[in-house]
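Listed here are the chains, written in short residue letters.
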2 protein chains.
Amino acid sequence: MRVPAPKISAAKLAQAQDDFLAAWGQMGPSWGISRTMAEVHALLYIGGRPMNADEVMDRLRISRGNASMTLRSLIEWGLVQRVHKRGDRKEYFEAEQDVWTIARTIIRERLRREILPVLATLYEIRDQTGDETAHAAQEGGGIVAPDVVAAHNQRLDRLLELVQMLDKLGERFVGSEGKGLRLAATVLSKVV
Amino acid sequence: MRVPAPKISAAKLAQAQDDFLAAWGQMGPSWGISRTMAEVHALLYIGGRPMNADEVMDRLRISRGNASMTLRSLIEWGLVQRVHKRGDRKEYFEAEQDVWTIARTIIRERLRREILPVLATLYEIRDQTGDETAHAAQEGGGIVAPDVVAAHNQRLDRLLELVQMLDKLGERFVGSEGKGLRLAATVLSKVV
DNA sequence: CTGGAGTTTCAGAACATCTTGAAACTCGAT
DNA sequence: ATCGAGTTTCAAGATGTTCTGAAACTCCAG
């Protein structure tokens with residue numbers, strides 16, 4: 001006797017897709033993109049095919065303007081690309097399908113938009129209080145005791161060290177063409 | 001002739017601190033905590049000593065209520081601890097001073113609050129469309145062609161793989177007591 | 001028990017972000 | 001040049017988040 005083939009109806013598939021859109025949409029804000037952006041991206045990813053603005057609007061129940069702006073942001077992020085179909089004047093949009101590339105793209109953008117500016121600012125702040133360190137602390141020339149400044153600088157230096165490490169770590173992932181993240185995971189699992 | 005000692009005035013130090021508060025506050029939202037929370041944490045970190053609610057209020061110009069709720073959240077996150085001073089009825093708060101511990105705490109909390117729920121939801125969604133894969137695709141029992149379902153499942157599986165990896169990677173950092181992050185950085189820098 | 005310093009709570013105000021819808025724009029076809 | 005399908009822009013409105021301030025609460029001292 002034969003095992004019955006799984007019967008997946010169109011409705012069930014659509015339901016699974018909708019649940020996925022909701023889940024991914026929720027995750028979006030944690031990753032630095034808005035809920036709607038995440039949902040549009042999720043739709044294009046899980047759909048697995050290029051869609052035009054109307055399809056996106058109708059499926060997600062958002063306005064034309066919102067769809068347009070959101071798709072533009074996704075293109076700026078590098079998560080979505082425009083596609084043209086012969087004989088169709090509409091513009092189509094498709095999402096990158098390789099999850100590791102998606103991850104690298106997000107990391108690259110967040111480094112650029114969030115980590116680097118903070119790093120630059122931290123350097124500037126560090127410069128404001130000279131190169132006095134715990135070791136270099138000497139006779140009291142300042143109005144504030146040298147050791148207070150030294151402690152302040154130490155705290156800044158430790159933080160700078162951390163942020164620099166995060167930056168380098170991120171760039172390592174982004175830079176290595178292939179499966180950088182996968183490699184990292186493998187290495188880490190063997191080390192400890 | 002003698003090099004003059006750096007003269008850091010109290011005002012300059014305060015200025016550097018203020019700039020730091022602003023910079024760290026900006027970074028907060030990217031890390032999953034609000035701007036004010038990040039500023040309060042920054043103040044306690046850079047100050048390097050326990051402070052009471054009034055000091056926090058005055059320095060950051062926020063209301064008593066806001067200070068109270070923000071400090072409570074920081075304690076829930078595990079980034080700040082209560083301290084009692086003998087002979088003083090006020091409560092004092094101090095920030096963890098080890099930056100690696102801070103990083104681990106943030107990663108642990110974000111895993112727990114953001115990654116794990118999504119992971120659980122993704123599993124549920126994956127279950128909705130059976131175990132049909134590209135290889136198992138067979139005679140058309142469903143209303144939707146089996147290969148469509150198989151492709152959908154593959155996309156979900158690839159995403160699950162990625163999120164699982166992130167989760168494991170995070171837990172590895174959080175779990176290893178010592179300098180897990182530092183170790184990772186060293187390892188990564190040698191690999192590529 | 002009472003007074004008061006210190007803390008917490010929470011409804012409404014202030015602020016920030018996201019979304020809509022309609023007008024302006026683009027561009028190929030006729 | 002004109003038409004019209006398709007797209008983009010943006011001011012106003014809707015929604016969501018954070019903050020304030022005052023009242024309620026806690027708890028110790030006298």
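Look up: the structure comes first, before these words.
Figured I'd write up the structure that's included with this text. (Residues numbered from 1 in each chain as written. Chains lettered and ligands numbered in written order. Predicted model: local features only at pLDDT ≥ 70, side-chain atom pairs only at ≥ 80, totals over all residues. Heavy atoms only, no water.)

On to the pairing of strand β3 (residues 91–95) of chain A, then. Side-chain direction in a regular strand flips from residue to residue, so the side chains alternate between the two faces of the sheet. All names here are of chain A. Inspection of the sheet shows strand β1 (residues 51–52) paired to β3 by two bridges, in the antiparallel sense. Across the sheet, Asn52 pairs through a bridge with Tyr92, a residue of β3. Two elements, strand β2 (residues 80–84) and β3, share five bridges in a ladder whose sense is antiparallel. The residue of β3 that forms the bridge with Val80 is Ala95. Joining the antiparallel neighbours β2 and β3 is a turn of six residues, in which Gly87 adopts a positive phi near 75°. (Pairing = 2+ DSSP bridges. Helix = DSSP H or I, 4+ residues; strand = E, 2+ residues; numbered from the N terminus.)

Take the protein's contact with DNA strand D next. Near DNA strand D lie 17 residues; those nearest to it are Arg72, Arg82 and Glu91 of chain A together with Thr36 and Ser63 of chain B. Atoms of DNA strand D within 4 Å of the protein: sugar and phosphate make up 64%, bases the balance. Contact distances for DNA strand D include 3.1 Å between a phosphate oxygen and a side-chain N or O atom of Arg82 of chain A. Arg89 of chain A has a polar side-chain atom sitting 3.4 Å from a base nitrogen of DNA strand D. For the surface near DNA strand D, the elements supplying multiple residues, two or more each, are α4 (64–77) of chain A together with α2 (35–47) and α4 (64–77) of chain B. With five residues, α4 of chain A is the single largest residue contributor to the surface near DNA strand D. (Near = heavy atom within 4 Å. Polar contact = N/O pair within 3.5 Å; in protein donor to acceptor, adjacent residues only side chain to side chain.)

Turning our eyes to something else, we now look at the packing of α2 of chain B against α4 of chain B. Residues and elements named next belong to chain B. Closest axis-to-axis distance for the α2/α4 pair is 10 Å, and the angle between their directions is 75°. Put simply, α2 runs roughly perpendicular to α4. Counted together, Thr36, Met37, Val40, His41 and Leu44 of α2 and Asn66, Thr70, Leu71, Ser73, Leu74 and Trp77 of α4 form the full contact between these two elements. Classifying every residue of the contact of α2 with α4 by side-chain character gives six nonpolar, five polar and no charged. (Axes fitted to C-alpha atoms, helices over the stretch in contact; angles between N-to-C directions. Parallel < 35°, antiparallel > 145°, perpendicular 65-115°, else oblique. Contact = heavy atoms within 4.5 Å. Nonpolar A, V, L, I, M, F, W, Y, C, P; charged D, E, K, R; others polar.)

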